[in-house]
Amino acid sequence: MEIRKLEGIIEAILFTMGGAVEFSRIAKAVEEPEERIKEAVSSMQKRYEEEDRGISIIELEDSCQMCTKPEAYEYLIRIAKQPKKQVLSDVLLETLSIIAYKQPVTKIEIEKIRGVKSDHAVNKLVEYNLVCEVGRLDAPGRPLLFGTTEEFLRRFSVQKLEDLPGIDPDQMEQFKEEAEDEAEIKLHV
């Protein structure tokens, strides 16, 4: 295997694993001799140092680990102190998917689809910068229209809205049947 490719694979392994990884484990995974792994890690260490990168690779007995350079700690502490974004709940994901597939869409349209008020969910999505106001509907009251943001595309690894997964017609039919069954049960209660 070419050395740069090997270094890239080792880098990916160390980044993903987070902790120390034994040279023997890496060697087995990439099917290369352990000595070649050590040479590649040494080369990476030198290059990271020469390029004044924010990370380094340290060796611990028979293993190595990717770490942040001590000079970057101050900045890491600053970023860690910033408020964290909360995990998206099922309600937020449901609302976000409606907006993503139906945009531009009003809160009223979202609420019709969901069957419940959606003010809180839409406001949270705006706060998280996943959704924004994209205009007003040319109708009485001029309701706001919502659409997704560039942050939405980044967070969900989508380059453009057309790349969103399509809806399987069979699955859509199943959803309709389930919704109809649920509606019938509610009517009989």
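Going by the structure above, here's the rest.
Source: prediction; values computed, not measured.

Caption draft 1: Broad picture of the sheet that holds strand 2 (residues 55-60). Sheet architecture is open: three strands sit in the order 1-3-2, paired in antiparallel fashion. Of all strands in the sheet, those with a lone pairing partner are strand 1 (21-22) and strand 2, marking the two edges. In this sheet, strand 3 (residues 63-68) lies alongside strand 1 in antiparallel orientation, the contact comprising two bridges. Bridge pairing in strand 3 places Glu22 opposite Ser63.

Caption draft 2: How the structure looks around the pattern of salt bridges. Considering all chains together, one arrives at 18 salt bridges under this definition. For Arg47, the salt bridge goes to Glu51, with nearest N and O atoms at 4.0 Å. Taking the relative accessible area as the measure of exposure, Arg47 reaches 18% and is therefore buried. Given the relative accessible area of 44%, Glu51 is considered partly exposed. For Glu49, the salt bridge goes to Lys69, with nearest N and O atoms at 3.8 Å.

Caption draft 3: View of the packing of aromatic side chains. Going through the model one piece at a time under the given rule, you end up with one aromatic pair. Taking the centre distance of 5.1 Å and the plane angle of 40° together, the rings of Phe152 and Phe156 count as tilted. Judged by its relative accessible area of 4%, Phe152 falls in the buried class.

Caption draft 4: Expanded view of a negative patch on the surface. A cluster of acidic residues, Asp168, Asp170, Glu173, Glu177, Glu178, Glu180, Asp181 and Glu184, forms a negative patch at the surface. Looking at where Asp170 falls in the secondary structure, it is placed in helix 9 (residues 169-188). Residue Asp170 is classed as exposed on the basis of its relative accessible area of 61%.

Quick notes on the rules
Residues numbered from 1 in each chain as written. Predicted model: local features only at pLDDT ≥ 70, side-chain atom pairs only at ≥ 80, totals over all residues. Heavy atoms only, no water. Pairing = 2+ DSSP bridges. Helix = DSSP H or I, 4+ residues; strand = E, 2+ residues; numbered from the N terminus. Salt bridge = Lys/Arg side-chain N within 4 Å of Asp/Glu carboxyl O. Buried < 20%, exposed > 50% of the residue type's maximum accessible area, 1.4 Å probe, protein only. Phe/Tyr/Trp six-rings, centres within 6.5 Å; stacked < 30°, edge-to-face > 60°. Patch = residues over 30% accessible without salt bridge, like charges linked within 9 Å, V, L, I, M, F, W, Y side chains within 5 Å. Areas by Shrake-Rupley, 256 points an atom, 1.4 Å probe, with all protein chains shown as cover. Lys, Arg positive; Asp, Glu negative; His and termini not counted. Charge placed at Lys NZ, Arg CZ, Asp CG, Glu CD.

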